[in-house]
Amino acid sequence: MHLVRYHVAVSLDGFIAPPDGGAEWLEPYGNVAMGFIGPWMKQIGGVIVGRATYDRALDMGGWMYGKTPTLVLTSRPVEHGPQTVHIHAGDPAEGLAKLRARMAAQDLDTDIWLYGGGVTAGLLLKHNLIDMIELAVVPVVLGRGRPLFADLETRQTFEHAASQPIGMGVIVNSYRRILPAISRRKAMRD
């Protein structure tokens with residue numbers, strides 16, 4: 001089914017980055033993160049990013065996900081990008097359907113990583129398109145920054161699926177979207 005999984009590092013006060021979007025606050029936890037993320041990435045066959053995250057990745061030396069089918073949600077045109085990157089403006093459900101079709105055409109029986117950021121996560125949550133939220137809670141208080149979900153005007157409930165300490169006080173908490181009873185019965189039949 002290619003679940004959409006929002007896996008992200010988050011501070012104790014709920015920010016995914018300081019106001020400038022930098023990641024230096026995570027540097028002391030790099031080895032811990034790599035020990036977890038390496039095996040986790042084997043479950044991922046597609047990536048969704050927002051425009052700011054995509055531009056930041058390009059500024060850091062190029063697109064880092066090589067041949068992985070990628071969906072960039074943006075309202076601004078992109079002049080050029082890797083062949084595996086599909087730019088989409090408009091309904092995020094349509095973009096996600098195209099990404100899933102590309103993954104199926106490549107026989108990828110894996111999930112989709114919602115890589116970032118908070119604006120894109122808020123948009124996908126608003127449209128009920130996030131299946132799992134996986135928070136790597138880092139024992140740092142940033143005070144201000146970019147929220148986990150931006151521009152959010154909806155309420156959704158998730159259930160706790162797992163918690164896993166990975167070292168240096170970092171705990172990955174996983175939450176599953178709770179489906180309405182009718183959808184749950186349909187999912188069980190499929």
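See the structure shown above.
Predicted model, so just to flag it, every value in this text is computed and none were measured. (Residues numbered from 1 in each chain as written. Predicted model: local features only at pLDDT ≥ 70, side-chain atom pairs only at ≥ 80, totals over all residues. Heavy atoms only, no water.)

**A few points about the sheet that holds strand β7 (residues 132–138)**
Paired through backbone hydrogen bonds, the strands of a sheet run either parallel or antiparallel to each other.
Here is step 1: The sheet built from 8 strands is open, its strands ordered β5-β4-β3-β6-β1-β7-β10-β9 with mixed pairing. Each edge of the open sheet is held by one strand with a lone partner, namely β5 (85–88) and β9 (158–167). The average angle at which neighbouring strand axes cross in this sheet is 25 degrees, direction not considered.
Here is step 2: Pairing of strand β3 (residues 44–50) with strand β4 (residues 70–73) involves 4 bridges; the strand directions are parallel. Bridging from a neighbouring strand, Gly-50 pairs with Leu-73 of β4. (Pairing = 2+ DSSP bridges. Helix = DSSP H or I, 4+ residues; strand = E, 2+ residues; numbered from the N terminus. Axes fitted to C-alpha atoms, helices over the stretch in contact; angles between N-to-C directions.)

**Observations regarding the packing of aromatic side chains**
Here is step 1: Scanning the model with the defined rule gives 7 aromatic pairs in all.
Here is step 2: Judged by centre distance (5.4 Å) and plane angle (65 degrees), the ring pair of Tyr-6 and Phe-149 falls under edge-to-face. Of the two residues, Tyr-6 sits in strand β1 (residues 4–11) while Phe-149 sits in the loop between β8 (146–147) and β9, which places them 143 residues apart along the sequence.
Here is step 3: Residue Tyr-6 is classed as buried on the basis of its relative accessible area, which comes to 0%.
Here is step 4: Counting every residue linked through ring pairs, the aromatic cluster contains Trp-40, Tyr-54, Trp-63, Tyr-65, Trp-113 and Tyr-115. (Phe/Tyr/Trp six-rings, centres within 6.5 Å; stacked < 30°, edge-to-face > 60°. Buried < 20%, exposed > 50% of the residue type's maximum accessible area, 1.4 Å probe, protein only.)

**Thoughts on the nonpolar core**
Here is step 1: By size, the foremost hydrophobic cluster in this structure holds 24 residues, and its most contacted members are Tyr-6, Ile-48, Leu-114, Ile-130, Leu-148 and Phe-149.
Here is step 2: For this core, the secondary structure elements donating two or more residues are β1, β4, α3 (92–105), β6 (111–116), α4 (118–126) and β7.
Here is step 3: It is β1 that contributes the most residues to this core, 4 residues altogether. (Core = buried A, V, L, I, M, F, W, Y, C linked by side-chain atoms within 4.5 Å.)

**A closer look at the side chain of Glu-134**
Here is step 1: Here Glu-134 is to be found in strand β7.
Here is step 2: In this structure Glu-134 comes out as buried when scored by relative accessible area, which is 5%.
Here is step 3: A polar atom in the side chain of Glu-134 sits 3.4 Å from the side chain of Trp-40. (Polar contact = N/O pair within 3.5 Å; in protein donor to acceptor, adjacent residues only side chain to side chain.)

**Describing unusual backbone geometry**
Most peptide bonds adopt trans geometry, and most residues besides glycine take a negative phi value.
Here is step 1: Residue Gly-117 is bonded to the preceding Gly-116 through a cis peptide linkage, with omega at -5 degrees.
Here is step 2: By secondary structure assignment, the location of Gly-117 is in the loop between β6 and α4.
Here is step 3: Non-glycine residue Asp-107 carries a positive phi angle of around 55 degrees.
Here is step 4: Asp-107 sits in the exposed class, given a relative accessible area of 71%.

**Structural notes on the environment of Met-1**
Here is step 1: On the secondary structure map, Met-1 appears in the segment before β1.
Here is step 2: Residue Met-1 is classed as exposed on the basis of its relative accessible area of 68%.
Here is step 3: Sequence separation of Met-1 and Ser-75 is 74 residues, and the distance between their C-alpha atoms is 27 Å.

Remember that the coordinates give geometry; whether it matters functionally is a separate question.
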